[in-house]
Amino acid sequence: MFSPYYAWARRRAQGGLADPHDHCAVNVALYGEPRRWAMTERGRGKLFRDATTLSIGPSALAWDGETLVITIDETTVPVPSRLSGTVRVRPAALTGASFALDDAGLHLWRPIAPCSDVEVELTKPALTWRGHGYLDSNRGETPLESAFVRWDWSRANLTDGAAVLYHAIRRGAAAGPDGPRRDHDERALALRFDRAGAVTPVEVPHRVMLPDTLWRMPRETRSDRPDGMRVAATFEDSPFYTRSLLTGTLLGQDVDAVHESLSLDRFAAPWVQAMLPFRMPRLR
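What comes next concerns the included structure. (Residues numbered from 1 in each chain as written. Predicted model: local features only at pLDDT ≥ 70, side-chain atom pairs only at ≥ 80, totals over all residues. Heavy atoms only, no water.)

1. A word on the sheet that holds strand β20 (residues 282–283)
The test is simple: In this description, strands pair whenever DSSP reports at least two bridges between them. Under the DSSP-based scheme used, a helix requires at least four consecutive residues in state H or I and a strand at least two consecutive residues in state E, with every element numbered from the N terminus.
If you trace the three strands from one edge of the open sheet to the other, you get β1-β2-β20, paired in mixed fashion. Each edge of the open sheet is held by one strand with a lone partner, namely β1 (24–30) and β20. Strand direction decides the pairing type here: strand β2 (residues 36–42) and β20, joined by two bridges, are parallel. Bridge pairing in β20 places E41 opposite R282.

Here it is as structure tokens:
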């Protein structure tokens, strides 16, 4: 959804429509040591999918009914190196739930498996990891930047499941980025998931403003207390997107949470679009 080539193709196409199947990529990011990034876009000829398999170039995702097996075979950027191996995601349960992020229902978020066990076995670079993880999907019928100004999302592991927070500012908001906003311009979700797949809406009362990143990206979340969350690490800091690790209190528990902030105004800016091919090369 962050492809500059797709954005350029839409601008060239009659009616603003372009073939999304001609703009596909597998994104792999490793944080820590070693740090690696791969997100190579490929065309329709390198795409295959059926009911259980999605292949994009040499990488693939396959569902066997119990485990999602992700086979990675990519080249990193900006320094070329191999990134290969296997990730196995084993959901504790599938929720079957989906949520509209806009009034028209054109953008749907589906928390497929908020509680999952994950095994990572990479050969290049050589590393293994086991822990908990998360699987979801976003589906939209219009470009994100035409529907939203920005959003924040986070997922925290709980002792009995997981919590997900979603806060989106929809396109057409009357206020500026730092001013007051009308409630009907926002879409806020606070959901608790147990390991059996049950979904429960919850109230998280306090909005917490987090420090801006080096690119001056604003970040916010919610917590049980006004000062109940802090940024423990910033994994990804770009002009329009940031991914962070938060620590604090949520739903009465001490938690670590993966947090993302996305600015669609920044993503659509010409200077950002010109930078994206350096992180996202394209192969036919």
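Alright, that's what it looks like, and here's the rest.
2. Comments concerning the pattern of salt bridges
Operational definition: Definition used for salt bridges: Asp or Glu carboxyl oxygen within 4 Å of a side-chain nitrogen of Lys or Arg.
Summed over all chains, the structure comprises 22 salt bridges. Among the ionic pairs, D117 bridges to R195, the shortest N-O distance being 3.7 Å. Highlighted residues: D117 in strand β9 (residues 107–124) and R195 in the loop between β13 (186–194) and β14 (199–201), separated in sequence by 78 residues. Through salt bridges with shared partners, a single ionic network connects R150, D152, E186, R207 and E220.

3. Description of the sheet that holds strand β11 (residues 148–158)
Heads up, the rule is: Note on geometry: axes are lines fitted to C-alpha atoms, helical ones only across the stretch in contact, with angles between N-to-C directions running from 0 to 180 degrees.
A sheet is described by the order of its strands in space; here seven strands give the open sequence β14-β13-β12-β11-β19-β18-β17, paired in antiparallel fashion. Two strands in the sheet have a free side with no partner beyond their single neighbour: β14 and β17 (229–237). Pairwise comparison of adjacent strand axes, ignoring direction, gives a mean angle of 20° for this sheet. As judged from the seven bridges shared by β17 and strand β18 (residues 241–250), these two strands associate in the antiparallel manner. The partner of T234 across the bridge, within β18, is S244.

4. Considerations on empty space enclosed by the protein
Selection rule: Site definitions follow a grid-based scheme: protein atoms alone, a 1 Å grid, a 1.4 Å probe that fits but cannot get out for cavities, and for pockets an open set with protein on both sides within 12 Å along at least five of seven lines, plus lining residues having an atom within 4 Å of a point. Grid points are joined across faces, edges and corners, and a volume is the space filled by probe spheres set on the points. Three categories are distinguished: nonpolar for Ala, Val, Leu, Ile, Met, Phe, Trp, Tyr, Cys and Pro, charged for Asp, Glu, Lys and Arg, and polar for the others, with Gly belonging to the last.
For the structure on display, the rule yields one cavity of 30 Å³ or more. The computed volume of the largest cavity comes to approximately 30 Å³. A92, A93, T95, P114, C115, F193, D194, R195 and G197 together form the lining of the largest cavity. Elements supplying a minimum of two residues to the lining of the largest cavity: β9 and β13. Split into classes, the residues belonging to the lining of the largest cavity amount to five nonpolar, two polar and two charged.

5. A look at a nonpolar patch on the surface
Keep this limit in mind: Patch membership is restricted to residues that have no salt bridge and whose relative accessible area is over 30%. Joining uses 9 Å for like charges and 5 Å for the nonpolar side chains Val, Leu, Ile, Met, Phe, Trp and Tyr. The method behind every accessible area is Shrake-Rupley, applied with a 1.4 Å probe, and residues are considered shielded solely by the protein chains displayed. Any residue under 20% of the maximum accessible area for its type is buried, any over 50% is exposed, and the rest in between are partly exposed; the area is computed with a 1.4 Å probe on protein chains only.
A cluster of nonpolar side chains, W215, W271, M275 and F278, forms an exposed patch at the surface whose accessible area comes to about 460 Å². Mapped onto the elements of the fold, F278 is located in the loop between α4 (270–275) and β20. A relative accessible area of 64% means that F278 is categorised as exposed.

6. A short note on helix α1 (residues 4–12)
Definition in use: Contact between two residues is taken to exist if any of their heavy atoms lie within 4.5 Å; hydrogens are not considered. Counted as a polar contact is a pair of N or O atoms within 3.5 Å, where, for protein atoms, one must be capable of donating a hydrogen and the other of accepting one, and residues adjacent in sequence contribute only when both atoms are in side chains.
Taken together, the buried positions of α1 are occupied by P4, Y5, A7, A9 and R10. Among the structural elements, β2, α2 (144–147), α4 and β20 are those in contact with the buried residues of α1. Regarding α1, its N-cap is S3, as a side-chain oxygen of that residue lies 3.2 Å from the backbone nitrogen of Y5 further along.

7. Some remarks on the packing of aromatic side chains
Two aromatic rings are characterised by how far apart their centres lie and by the angle between their planes. Keep this limit in mind: Whether two aromatic rings pair depends on their centres lying within 6.5 Å, for rings of Phe, Tyr and Trp, where Trp uses its six-membered ring; planes under 30 degrees apart make the pair stacked, over 60 edge-to-face, and the rest tilted. We count a charge as sitting over a ring when the NZ of a lysine or the CZ of an arginine lies within 6 Å of the ring centre and within 35 degrees of the ring normal.
Under the criterion given, the structure shown has 12 aromatic pairs. Where W151 meets Y166, the ring centres are 5.5 Å apart and the plane angle is 85°; that geometry is what we call edge-to-face. Of the two residues, W151 sits in strand β11 while Y166 sits in strand β12 (residues 161–170), which places them 15 residues apart along the sequence. With relative accessibility at 4%, the residue Y166 sits in the buried group. Grouped by ring-pair contacts, the aromatic residues F99, W109, F148, W151 and Y166 constitute a single cluster. Taking the ring centre of Y6 as reference, the NZ or CZ of R10 above it sits at 5.1 Å. R279 extends its terminal NZ or CZ atom over the ring of W37, reaching a point 4.1 Å from the ring centre.

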